[in-house]
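Close look at the chain arrangement
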Amino acid sequence: MKNDRLAWLQGPGADGAAKCSNVPEERKNPWRLILLGAPGVGKGTQAEFLRERLFACHLSTGDVFRAAGKRNDCDQSPAMKEAMQYMRRGELVPDATVWEMVRERSHCLLHCNGFILDGFPRTLGQAESLKELMEKEKLSLTAVVNYELPLNEIVRRLSGRRTCEKCKAVFHATERPPKVESVCDHCGGRLFQREDDRPESITVRLEAYERSTAPLIQFYKNLGLLLPIIAQGTPDEIAARTMDKLDRLSAGAA
Ligand code: AMP
């Protein structure tokens with residue numbers, strides 16, 4: 001868990017407002033990005049890469065739900081407990097719950113040095129809510145990066161994905177295996193398969209993506225914000241492709 005994401009992962013503190021614990025100096029033109037793409041295209045990996053390059057916060061709604069799921073049963077609100085049920089089945093958590101969670105962390109969106117949203121918005125309703133909030137705050141998105149990958153490749157990536165329970169590093173059972181089976185190369189933590197990466201949940205998640213999230217591609221295309229990126233190749237190759245497009249965008253040539 002990175003220090004700069006504590007406010008995002010834990011939500012509002014006792015004073016009722018989530019605060020960043022690690023804000024470097026204010027940036028003049030912070031990057032405000034959304035990463036789109038089906039589950040398994042590697043948004044989380046790319047978000048971490050971009051976080052290091054662009055100094056913006058990596059904000060993943062899936063990580064917030066997973067962090068909440070690890071909390072003591074009695075520390076979870078009824079809405080969070082319900083959200084866990086949806087998540088385990090691979091279904092989308094209802095918009096009202098997701099938006100409440102994002103809204104109470106809006107400090108992370110509005111006052112940090114930009115953001116890289118990963119896994120949010122995932123429905124048109126969520127995209128509209130975000131747009132309204134940003135318009136109200138007179139902030140604009142820089143771009144919406146859409147990672148594209150064929151379906152068979154997505155299923156292969158998801159079913160082999162293994163995550164470190166301590167540092168969250170991602171491996172692949174066959175393509176990027178750890179040196180010692182089930183042990184993280186970086187911190188020695190145990191590697192696990194996410195509950196929603198099991199075959200029965202993968203199908204449900206991909207259907208939810210097609211039905212609810214794919215329409216966002218057109219939504220952001222219409223707003224002139226879409227940057228399509230081919231998500232084939234190694235994480236480094238995909239990252240280089242992404243930075244190339246973002247560099248061209250900031251130079252006004254994309
Ligand atoms: P992710 O790590 O982004 O794949 O998210 C894991 C799971 O968390 C999803 O399959 C959903 O159950 C839930 N989830 C995360 N973000 C959202 C969202 N924006 N809207 C609805 N459900 C979400």
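Structural notes, computed from the coordinates.

So, how was this worked out
- Residues numbered from 1 in each chain as written.
- Predicted model: local features only at pLDDT ≥ 70, side-chain atom pairs only at ≥ 80, totals over all residues.
- Heavy atoms only, no water.
- Helix = DSSP H or I, 4+ residues; strand = E, 2+ residues; numbered from the N terminus.
- Contact = heavy atoms within 4.5 Å.
- Polar contact = N/O pair within 3.5 Å; in protein donor to acceptor, adjacent residues only side chain to side chain.
- Expected span 1.5 Å × (residues − 1).
- Buried < 20%, exposed > 50% of the residue type's maximum accessible area, 1.4 Å probe, protein only.
- Core = buried A, V, L, I, M, F, W, Y, C linked by side-chain atoms within 4.5 Å.
- Axes fitted to C-alpha atoms, helices over the stretch in contact; angles between N-to-C directions.
- Parallel < 35°, antiparallel > 145°, perpendicular 65-115°, else oblique.
- Left-handed = near helix turned anticlockwise from the far one by under 90°.
- Pairing = 2+ DSSP bridges.
- Near = heavy atom within 4 Å.
- Areas by Shrake-Rupley, 256 points an atom, 1.4 Å probe, with all protein chains shown as cover.
- Nonpolar A, V, L, I, M, F, W, Y, C, P; charged D, E, K, R; others polar.
- Arc of directions from axis to C-beta.

1. Overview of the environment of Gly69
One can find Gly69 in helix α3 (residues 61-69). C-alpha separation for the pair Gly69 and Phe192, spaced 123 residues apart in sequence, amounts to 15 Å. The contacts of Gly69, once residues within four sequence positions are left out, are Gln76 and Met84.

2. Brief notes about the side chain of Asp197
Mapping Asp197 onto the fold places it in the loop between β7 (191-192) and α9 (199-213). In terms of polar contacts, Asp197 uses its side chain to reach the side chain of Arg205, at 2.7 Å. Dropping the residues within four chain positions of it, Asp197 is found in contact with Leu158, Ser159, Arg161, Ile202 and Arg205.

3. Describing helix α2 (residues 43-54)
Between its terminal C-alpha atoms α2 stretches 15 Å, which fits the 16 Å expected from 12 residues at 1.5 Å a residue. Lys43, Gln46, Ala47, Glu48, Leu50, Arg51 and Leu54 are the residues of α2 that are buried. Structurally, α2 contributes buried residues whose contacts are with β1 (32-36), β2 (57-60), β3 (115-118), β4 (143-148) and α11 (235-250). Positive backbone phi, approximately 60°, marks Phe55, located one or two places after α2.

4. Digging into the nonpolar core
Formed by 38 residues in total, the largest nonpolar core has its most connected members in Phe65, Leu109 and Tyr220. Contact partners of Tyr220, with chain neighbours within four places excluded, come to Ile34, Leu36, Pro121, Ala127, Leu130, Leu141, Val144, Leu225 and Leu226. Core analysis: the second largest hydrophobic core is formed by 26 residues, Ala38, Ile116, Leu227 and Met243 among them.

5. Examining the packing of helix α8 (residues 151-160) against α9
Taken N-terminus to C-terminus, the directions of α8 and α9 make an angle of 135°; their axes are 11 Å apart at the nearest point. Taken as axis vectors, α8 and α9 run oblique relative to one another. Relative to α9, the crossing made by α8 is right-handed. Of the residues in α9, those touching α8 at Leu151, Ile154, Val155, Leu158 and Ser159 are Ile202, Arg205 and Leu206.

6. Considerations on the pairing of β3
Residues Phe115 and Leu117 point to one face of β3 and Ile116 and Asp118 to the other, with burial holding for every one of them. Judged from the four bridges that link them, β1 and β3 form a sheet pairing that is parallel. Across the sheet, Ile34 pairs through a bridge with Leu117, a residue of β3. Inspection of the sheet shows β2 paired to β3 by four bridges, in the parallel sense. Counterpart to His58 in the pairing with β3 is Ile116.

7. What about the environment of Thr213?
Residue placement: Thr213 occurs in helix α9. Since its relative accessible area comes to 5%, Thr213 is described here as buried. With near-sequence residues (within four places) excluded, Thr213 lies in contact with Leu36, Pro121, Arg122 and Ala208. Polar contacts involving the side chain of Thr213 include one to the main-chain carbonyl oxygen of Arg122, which spans 2.8 Å.

8. A look at the site of the ligand
Around the ligand, the surrounding shell holds 16 residues, and the nearest of these are Thr61, Arg66, Glu91, Gly119 and Arg122. One of the side-chain N or O atoms of Arg66 is found 2.8 Å from an oxygen atom in the ligand. At 2.9 Å from an oxygen atom of the ligand is found a side-chain nitrogen or oxygen belonging to Arg122. Protein burial of the ligand: of its 480 Å² of free accessible surface, 96% is covered by the chains. The biggest single contributor to the shell around the ligand is α3, with four residues. The residue inventory of the shell around the ligand, partitioned by class, reads six nonpolar, four polar and six charged.

9. Notes on helix α10 (residues 215-222)
Inspection of α10 places Leu216, Phe219 and Tyr220 among the buried residues, and these make up the whole buried set. An end-on view of α10 places all buried positions within 85° of arc, on one side of the element. Across from the buried face of α10, at angles greater than 90 degrees, the exposed residues are Lys221 and Asn222. Close packing links the buried residues of α10 with β1, α7 (124-136), β4, α9 and β8 (226-230). Where α10 ends, the next residue or the one after it, Gly224, has phi of about 70°, a positive value.

10. Topic: the environment of Pro228
Along the polypeptide, Pro228 turns up in strand β8. In the structure, Pro228 is positioned 191 residues away from Gly37 in sequence and 9.6 Å away in space, judged by C-alpha atoms. The contact partners of Pro228, leaving out residues within four places of it in the chain, are Asn146, Glu148 and Lys245.

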